[in-house]
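# Report on the structure
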Amino acid sequence: MADDAHLLSSQTDSKDLNFPTPLSPPLPAISKQIELSRAMTASSKSSIFSITRSEFLFEDEWMIGVDKTPGIYCEAVLSSVRQLLGESGDSNEIVTKRSRKYSGAEVTQLELHLANRLDRDTTGVMLVTKSHRVAGKLVKVFTDHKVKKTYLALCVAPAPKWEKISLKSGHGRSKYGAFRVYSASDIGRSLPGGSVVREMVTSFEILSINGRGTYKEPNKFDMDELKPLSIEGRPPVQSSEEQKDEILIRAYPQSGRTHQIRLHCQYLGIPIRGDVKYEGVYEWKGATYEAHALQAESLSFDHPVTGVAVELRAPLPLWARETMPQPS
């Protein structure tokens, strides 16, 4: 009996050490040097970055909506907003009086926080809060999944056969530290380094293929009705000989995992143009792209103080305007 118990314990320990296998491939070899070059360029640009009020999408007593430019780190946006408000006089005295009325606490300096983060090269809507109290409330709005988000992406790949699709998968870091897609059945399992596989769900709709399609406003309610397909296996391998198309998509992430949309686009076989980390084309139609074509298009939520519905929408980037069918 003792030997049997020892054998069972050994088998269990061995099984626990078997980490889940990622479904997405390792980072392409070409991505290392390109990403290093992009990071160095972004560090240089971020050190001298200066925002203007023309890049504000929204501002009230408690928060600011900003249209982030590509190739800039989020921390640089925050620092630039702080400098802009300080120089314009919209800082200590105004924030102190208004915040005291709201929170009962005196504020002696600007308490700016990033409510959401975007990847270095992703453009679009970012939120900056003006006090600790509002920051805490808005964090809860995000963590409770009460913020509706839409993204636009330009993908280069053979056109998919679906018009709308929703995916549910696992998300986590592999033993090499890279974010990868995992099977939905692996959600909750341990990963190297002590983290666990977490759930990520994204819905997609195609807006145009090679500039042909029908213009659509974001329809979050319609997309919420899509039943997610649980990912359990590797995607089919695509032939490199297949014709590649320009596919403009809108994504509706229901969770907020790092690189979520980029990972799911890669899994679907429609990597984002310029996203070399996840198999996107670096050179296309004679041009070389120094950033991926992904934009945080909109954020919708109830204001954490007033309760009023807020929707922030970023202007369309050039690559979307060139490929999105316009209403007649």
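Residues numbered from 1 in each chain as written. Predicted model: local features only at pLDDT ≥ 70, side-chain atom pairs only at ≥ 80, totals over all residues. Heavy atoms only, no water.

### Some remarks on the overall build of the chain
- Along its length, the chain carries eight helices and 15 strands.
- In the chain, buried positions account for 49% of the 328 residues.
- When contacts within the chain are restricted to residue pairs at least 6 apart in sequence, those whose partners lie at least 24 apart make up 72%.
- Summed over its atoms, the accessible surface of the chain is roughly 17,000 Å², and 52% of this surface lies on carbon and sulfur atoms. (Helix = DSSP H or I, 4+ residues; strand = E, 2+ residues; numbered from the N terminus. Buried < 20%, exposed > 50% of the residue type's maximum accessible area, 1.4 Å probe, protein only. Contact = heavy atoms within 4.5 Å. Areas by Shrake-Rupley, 256 points an atom, 1.4 Å probe, with all protein chains shown as cover.)

### Examining the layout of surface pockets
- Volume-wise, the largest pocket comes out at about 730 Å³.
- Around the largest pocket, the lining is made up of 30 residues, and of these R117, K149, Y151, G256 and R257 lie nearest the centre.
- Secondary-structure elements contributing two or more residues to the lining of the largest pocket are α5 (132–143), β5 (148–157), α7 (260–267) and β14 (294–302).
- Tallying contributions element by element places β14 first for the lining of the largest pocket, with four residues.
- For the lining of the largest pocket, the per-class residue count stands at 13 nonpolar, twelve polar and five charged.
- Around the second largest pocket, the lining comprises 22 residues; the ones closest to its centre are Q238, Q266, G269, P271 and E279.
- Listed by contribution, the elements that provide at least two residues to the lining of the second largest pocket are β5 and α7.
- Along the lines of polarity and charge, the residues of the lining of the second largest pocket split into 13 nonpolar, six polar and three charged. (1 Å grid on protein atoms, 1.4 Å probe; cavity = no way out; pocket = protein on both sides within 12 Å on 5 of 7 lines; lining within 4 Å. Points joined across faces, edges and corners; volume = space filled by probe spheres on them. Nonpolar A, V, L, I, M, F, W, Y, C, P; charged D, E, K, R; others polar.)

### Considering the packing of aromatic side chains
- This structure, assessed with the given rule, holds zero aromatic pairs.
- The residue whose ring lies beneath R273 is Y289, and the NZ or CZ to ring-centre distance is 3.7 Å. (Phe/Tyr/Trp six-rings, centres within 6.5 Å; stacked < 30°, edge-to-face > 60°. Lys NZ or Arg CZ within 6 Å of the ring centre and 35° of its normal.)

### Some details on the pairing of β5
- Among the ten residues that make up β5, nine are buried, leaving the element largely enclosed by the rest of the structure.
- Here β5 runs beside β14; their pairing, made up of six bridges, is antiparallel. Note on β14: the bridge partner recorded for K148 is S300.
- Note: β5 against strand β11 (residues 245–253), seven bridges, orientation antiparallel. Note that in β11 the partner of C155 across the bridge is I247. (Pairing = 2+ DSSP bridges.)

### Considerations on unusual backbone geometry
- Its identity is not glycine, yet H145 carries a phi of approximately 60°, on the positive side.
- By the element assignment, H145 lies in the loop between α5 and β5.

### Brief notes about the pattern of salt bridges
- By the definition in use, this model includes 16 salt bridges.
- One salt bridge in this structure joins E35 and R38, with 3.6 Å as the shortest N-O distance. A residue pair is termed a helical-turn pair when its members lie 3 or 4 positions apart in one helix, as E35 and R38 do in helix α2 (residues 29–47) at three residues. By the burial criterion, E35 is buried, and R38 matches it.
- Salt-bridge contacts for R262 lead to D119; the nearest nitrogen and oxygen are separated by 3.0 Å. Pair noted here: R262 is in helix α7 and D119 is in the loop between β3 (113–114) and β4 (123–129), with a separation of 143 residues, a long-range link.
- By relative accessible area, which is 6% here, R262 ends up buried.
- Linked through salt bridges whose partners overlap, the residues forming this network are E35, R38, R120 and D121. (Salt bridge = Lys/Arg side-chain N within 4 Å of Asp/Glu carboxyl O.)

### Focus on the side chain of S166
- Looking at the secondary structure, you find S166 in strand β6 (residues 164–173).
- In this structure the side chain of S166 is engaged in a polar contact, spanning 2.9 Å, whose partner is the side chain of S203.
- In this structure S166 touches V201, T202, S203, L226, K227, P228, L229 and Q254, once residues within four positions along its chain are discounted. (Polar contact = N/O pair within 3.5 Å; in protein donor to acceptor, adjacent residues only side chain to side chain.)

### Quick notes on the confidence of the model for the chain
- Scored by pLDDT, the chain comes out at a mean of 86, with 85% of its residues at no less than 70.
- The spread of mean pLDDT over the elements of the chain runs between helix α1 (residues 2–16), the lowest at 41, and α7, the highest at 98.
- A low-confidence stretch, residues 91–108 stays under pLDDT 50, and its non-local contacts, those more than four residues away or across chains, total 27 contacts. (pLDDT = per-residue confidence, 0-100.)

### A closer look at the environment of R198
- Topologically, R198 is positioned in strand β8 (residues 198–209).
- Along the sequence, R198 and R257 sit 59 residues apart, while their C-alpha atoms lie 8.4 Å from each other.
- Setting aside residues up to four positions removed in sequence, R198 forms contacts with S169, G170, H171, I187 and R257.

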